[in-house]
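# Summary of the model geometry
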Amino acid sequence: MRYQIDYEKGIVNRGNLFRMKELMKKAANGEKLVLGFLGGSITQGCLSSTPETCYAYHVFEWWKKQFPEAEFEYVNAGIGGTTSQFGVARAQSDLLSYKPDFVIVEFSVNDDSTEHFMETYEGLVRKIYDSETKPAMLLVHNVCYDTGANAQLMHARVGRYYDLPSVSMQSTIYEEVKAGRLPNREITQDDLHPNDAGHSLVASVITYFLSKVFDVMDEAELPAPELRAPFTYNDYEDSVRYDNRNSKPELNGFAADTSKQEGITDCFKNGWSASKVGDSIRFELRGGSIAVQYRKTMNKPAPVAEVVIDGDTEHAYRLDANFDETWGDKLELETVAEHLENKLHTVDIRIVEASEKDQNGFDLISVIVSGSHKAKKTSEELIFLDPALTHNIWGGSKLRTEYGYPVEGDDIGECWGISAHPNGDGVIREGAFKGMHLSELWAKNPELFGNPTEDRFPLLIKIIDAKADLSIQVHPNDEYALKNENGSLGKTECWYVLDCPENASLVIGHNASTREELKEMIEQKRWSELIREIPIRKGDFIQIDPGTVHAIKGGFQILETQQNSDITYRVYDYDRLSNGKPRELHVQKSIDVITVPAKPVGESVRSVNGLPLNRLNLLYSCNYYSVFKLEVSGNTQVEQKYPFLLMTVVSGQGSVNGHLLKKGDHFIAPADCKSLNFEGNMQIIASTR
Ligand code: ZN
């Protein structure tokens, strides 16, 4: 045999099999059952030679053969060139109205691998899972056979979150194509649509899994889980599609198309058409996300239209009906607004370009409005920040190479990840507060932070990459800083060691037993006698009270949580030069504020590896902050009961409430965001006031 498919590898997620086993028992009892297939062109059977050689039909035949006493109805709801965003809007009419007992969902080559399509796919999966017949579901991930691309990363997240079985062509058929054992052209003409042989292979990956379930159908299974809270913004679950059968828009030149629709793939029907510049149509619709569906045609030239939401002509959206492909006309779905406030919006569509030569009019097919009642309030949205980066003589390049921050140079010492300090005031990256500085958000939207009494954002979260040793330093407490530093705050800080060399150490504390001895040692530069070095390993946590002599050494990467202050007294700088001169030392102030004798080692350093998974483990709590470590493994919901929670992903990747997360991401969970739905494998350091 030239190729061998590893069918076991095709099982991306076994999932909870309760519904599937119950369905098989019903089939064994000879009941009448409906098998539904929802997807794009592959489900529709685009390049299969007959409807009966499509994978979906093969799966239907497997059920018939396996359960000859039962009676099965076949519902194929595939429409070529369409995404799960359209899928969720048509799920009721094209699939759920048939009351399916079993549903395959297939959109992984139609959707792009983006957060937007993770949200639309989640909405679709939720809608089917919780529909009247509570069908058994199987997610099928097809793949492009030239590049291996699909949306499996996003779609499989949804599958794992809802504990649904899913199978993949990426880890089965494509593996053989990639290895050169199975030539693409044997199974697909265009590397996307399987031919008859390809459809048989796709079906075999699916029926292998179904056969495995069949073998254990009498074994006990936990009940199917209740539908969990959504993990994305979930604006799409309640999508409503408006065409000329269920809406009465204001028409100025547009006319309703009342010709009869022949089946679901006759998809350009029931809309409105126009052909002259200035022709327009106006909808008033309630929701938060708005998409417009129209025909892109090969019969060029064709008109161009513009969409304006709520009269905002500055952000008009262009809909060009000219299609540069030759394979047919396309039903285009354009998202023109997403996650707006859930209220009545006006949608104006107007022809802006047309000519005598036009072969086709502009065909508006529908307007899809989503998020009719489930949209979250702005105050519940996570706040992501773009960090500020600093150049330092002791800095390195790992903040770029290992944490992915877009910054040039090999002297990058610090990433101020969550900061409202004037020397590096973070900027909100997305959402309702996009572009605002954190200091401004704190001042203008105190409700996000539990209505604090402080007028300044109290904390500062940094990632530090030390290529060389930092100076040996000490920070004052609030009382001393207030008196001696123009009313500034003192500085309490703590470190979580992200990485360090083997047998490394840090400077924490000193060996003088009285203040006189301390003064003598500093004045006589007896540094090696004075300085206390403590062995440190990756994953250690270190609390640095004010008055503690400390220094980070070369080779360390550290996550620092600290009071929002920058007052540092340099005790010793290894006699280094910066721009030809030694940096300023603060000998007298240091002697004033250093705690004598130093706190015992055991009270400031502890290893925090191996803590329980999927919960906020408190590492330290003082007057200024509480710091937690959270290790996410799989799916988990974490309660957010603090005025706000600052979070930094220090390793791994995954998602939270539908936002993708990777190492180096910083975000704030505001007061109203009570629940954090995590997915993935990652370590997070969190803190609150
Ligand atoms: Zn410090």
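In what follows, the structure referred to is the one given above.
All figures in this text were calculated on a predicted structure; none of them were measured in a lab. (Residues numbered from 1 in each chain as written. Predicted model: local features only at pLDDT ≥ 70, side-chain atom pairs only at ≥ 80, totals over all residues. Heavy atoms only, no water.)

### Some details on the packing of aromatic side chains
The geometry of an aromatic ring pair is captured by two quantities: the separation of the ring centres and the angle between the planes. Considering all chains together, one arrives at 29 aromatic pairs under this definition. Ring geometry for Y57 versus Y74: centroids 5.1 Å apart, planes at 85 degrees, classification edge-to-face. On the criterion of sequence distance, the pair formed by Y57 in helix α3 (residues 55-66) and Y74 in strand β3 (residues 71-78) is long-range, its members being 17 residues apart. Y57 sits in the buried class, given a relative accessible area of 16%. Aromatic rings pair up to connect W62, W63, F67, F72, F102 and F214 into one cluster. Directly above the aromatic system of Y129 lies the positively charged group of R19, at a separation of 3.9 Å from the ring centroid. A cation over a ring is seen here: R295 above F268, with NZ or CZ 4.1 Å from the ring centre. (Phe/Tyr/Trp six-rings, centres within 6.5 Å; stacked < 30°, edge-to-face > 60°. Helix = DSSP H or I, 4+ residues; strand = E, 2+ residues; numbered from the N terminus. Buried < 20%, exposed > 50% of the residue type's maximum accessible area, 1.4 Å probe, protein only. Lys NZ or Arg CZ within 6 Å of the ring centre and 35° of its normal.)

### Section: the nonpolar core
Of all hydrophobic cores here, the largest spans 45 residues; its most connected members are Y55, W63, F102 and I206. Ignoring anything within four residues of it in the chain, the contact list for I206 reads Y55, V59, I104, L138, V140, V167 and M169. (Core = buried A, V, L, I, M, F, W, Y, C linked by side-chain atoms within 4.5 Å. Contact = heavy atoms within 4.5 Å.)

### As for the pairing of strand β20 (residues 412-418)
Here β20 lies mainly inside the structure; 7 of its 7 residues are buried. The pairing of strand β19 (residues 388-396) with β20 spans 5 bridges and is antiparallel. From the neighbouring strand, L389 faces β20, where its bridge partner is C415. Relative to strand β22 (residues 459-465), β20 runs antiparallel, the two being bridged by 4 bridges. From the neighbouring strand, I418 faces β22, where its bridge partner is I461. (Pairing = 2+ DSSP bridges.)

### Observations concerning α3
Its 12 residues place the ends of α3 16 Å apart at the C-alpha level, agreeing with the 16 Å of an ideal helix rising 1.5 Å per residue. When α3 is considered as a whole, its buried residues turn out to be Y55, A56, Y57, V59, F60, W62 and W63. Residues of α3 that are buried in the fold lie against α1 (18-28), β2 (32-39), α2 (41-44), β3, β4 (102-106) and α9 (196-215). (Expected span 1.5 Å × (residues − 1).)

### Some words on the coordination of the zinc ion
Within the first shell, the zinc ion binds the protein through H475 (NE2), E493 (OE), E493 (OE) and H550 (NE2), at distances of 2.1 to 2.5 Å. For the zinc ion, the 4 donor atoms in the first shell make angles of 52 to 121 degrees at the metal, a pattern classed as irregular. Overall, the relative accessible area of 1% leaves E493 in the buried class. The exposure class of H550 is buried, given its relative accessible area of 1%. (Donors = N, O, S within 2.8 Å, 3.2 Å for Na, K, Ca; no water. Tetrahedral: all angles 85-135°; square planar, octahedral: opposite > 155°, others 65-115°.)

### Quick look at the sheet that holds strand β33 (residues 605-607)
If you trace the 7 strands from one edge of the open sheet to the other, you get β19-β20-β22-β29-β24-β27-β33, paired in antiparallel fashion. Where the open sheet ends on each side, the last strands, each with one partner, are β19 and β33. Adjacent strand axes in the sheet meet at a mean angle of 25 degrees when their direction is disregarded. In this structure, strand β27 (residues 540-544) lies alongside β33, joined through 3 bridges in antiparallel fashion. Within β33, the position partnered with D540 by the bridge is S607. (Axes fitted to C-alpha atoms, helices over the stretch in contact; angles between N-to-C directions.)

### A short note on unusual backbone geometry
For the peptide bond that leads from K300 to P301, omega is -5 degrees, which places it in the cis range. Note on placement: P301 falls in the loop between β12 (289-296) and β13 (304-309). For the peptide bond that leads from V596 to P597, omega is -10 degrees, which places it in the cis range. Among the structural elements, P597 can be located in the loop between α15 (587-593) and α16 (601-604). Even without glycine at this site, D310 takes up a positive phi of about 55 degrees. Mapped onto the fold, D310 is located in the loop between β13 and β14 (317-320). The backbone phi angle of H339 is positive, close to 60 degrees, even though this residue is not glycine. Along the polypeptide, H339 turns up in the loop between β15 (330-337) and β16 (343-353).

### Notes on the side chain of H155
Structurally, the position occupied by H155 is in helix α6 (residues 152-161). The contacts of H155, once residues within four sequence positions are left out, are F107, S108, D111, F117, Y121, L139 and H141.

### Looking at the state of the cysteines
With the rule as written, the count across this model stands at 0 disulfides. Left unpaired, C415 is separated from the closest cysteine sulfur, that of C494, by 16 Å. (Disulfide = S-S within 2.5 Å.)

### Quick look at empty space enclosed by the protein
Taken as a whole, this structure holds 1 cavity of 30 Å³ or more when the rule is applied. By volume, the largest cavity is sized at about 90 Å³. Lining the largest cavity are 15 residues, with N16, R19, Y129, L164 and P165 sitting closest to its centre. Where the lining of the largest cavity is concerned, the elements lending two or more residues are α1 and β5 (136-141). Split by residue class, the lining of the largest cavity holds 12 nonpolar, 1 polar and 2 charged. (1 Å grid on protein atoms, 1.4 Å probe; cavity = no way out; pocket = protein on both sides within 12 Å on 5 of 7 lines; lining within 4 Å. Points joined across faces, edges and corners; volume = space filled by probe spheres on them. Nonpolar A, V, L, I, M, F, W, Y, C, P; charged D, E, K, R; others polar.)

### Brief notes about the sheet that holds β5
Across the sheet, 6 strands lie side by side as β1-β6-β5-β4-β2-β3; this open sheet has mixed pairing. The strands lining the two open edges of the sheet, one partner per strand, are β1 (11-13) and β3. Strand after strand, the sheet turns through a mean of 20 degrees between neighbouring axes, direction not considered. In this structure, β4 lies alongside β5, joined through 4 bridges in parallel fashion. Directly across from I104, in β5, lies its bridge partner L138.

### Looking at the packing of helix α5 (residues 115-129) against α6
Helix packing for two helices is described by the angle between their axes and how far apart those axes are. For the pair α5 and α6, interaxial distance at closest approach is 9 Å and the crossing angle is 35 degrees. You can see that α5 and α6 cross each other, and the crossing is right-handed. For the pair formed by α5 and α6, the contact residues are E115, F117, M118, Y121, E122 and V125 on the first element and M154, H155, R157, V158 and Y161 on the second. By residue class, the composition of the contact of α5 with α6 is 7 nonpolar, 1 polar and 3 charged. (Left-handed = near helix turned anticlockwise from the far one by under 90°.)

### Thoughts on the side chain of S655
Turning to its location among the elements, S655 is positioned in strand β36 (residues 645-656). Look at S655 and you get buried, because its relative accessible area is 0%. Excluding residues within four positions of it along the chain, S655 makes contact with R157, F231, L660, L661, N677, F678, E679 and M682.

### Observations regarding the pattern of salt bridges
Scanning the model with the defined rule gives 37 salt bridges in all. R2 serves as the salt-bridge partner of E186, at 3.1 Å between the closest nitrogen and oxygen. One end of the pair, E186, is in helix α8 (residues 184-187); the other, R2, is in the segment before β1, with 184 residues separating them in the sequence. Residues K462 and E560 are paired through a salt bridge, measuring 3.9 Å at the closest nitrogen-oxygen approach. Taken together, the positions of K462 in strand β22 and E560 in strand β29 (residues 557-563) put the pair 98 residues apart, joining distant regions of the chain. In terms of burial, K462 and E560 fall into one category: buried. One connected set of salt bridges, linked through shared partners, spans R14, K21 and E221. (Salt bridge = Lys/Arg side-chain N within 4 Å of Asp/Glu carboxyl O.)

In short, the description is geometric, and any link to function would need to be established separately.
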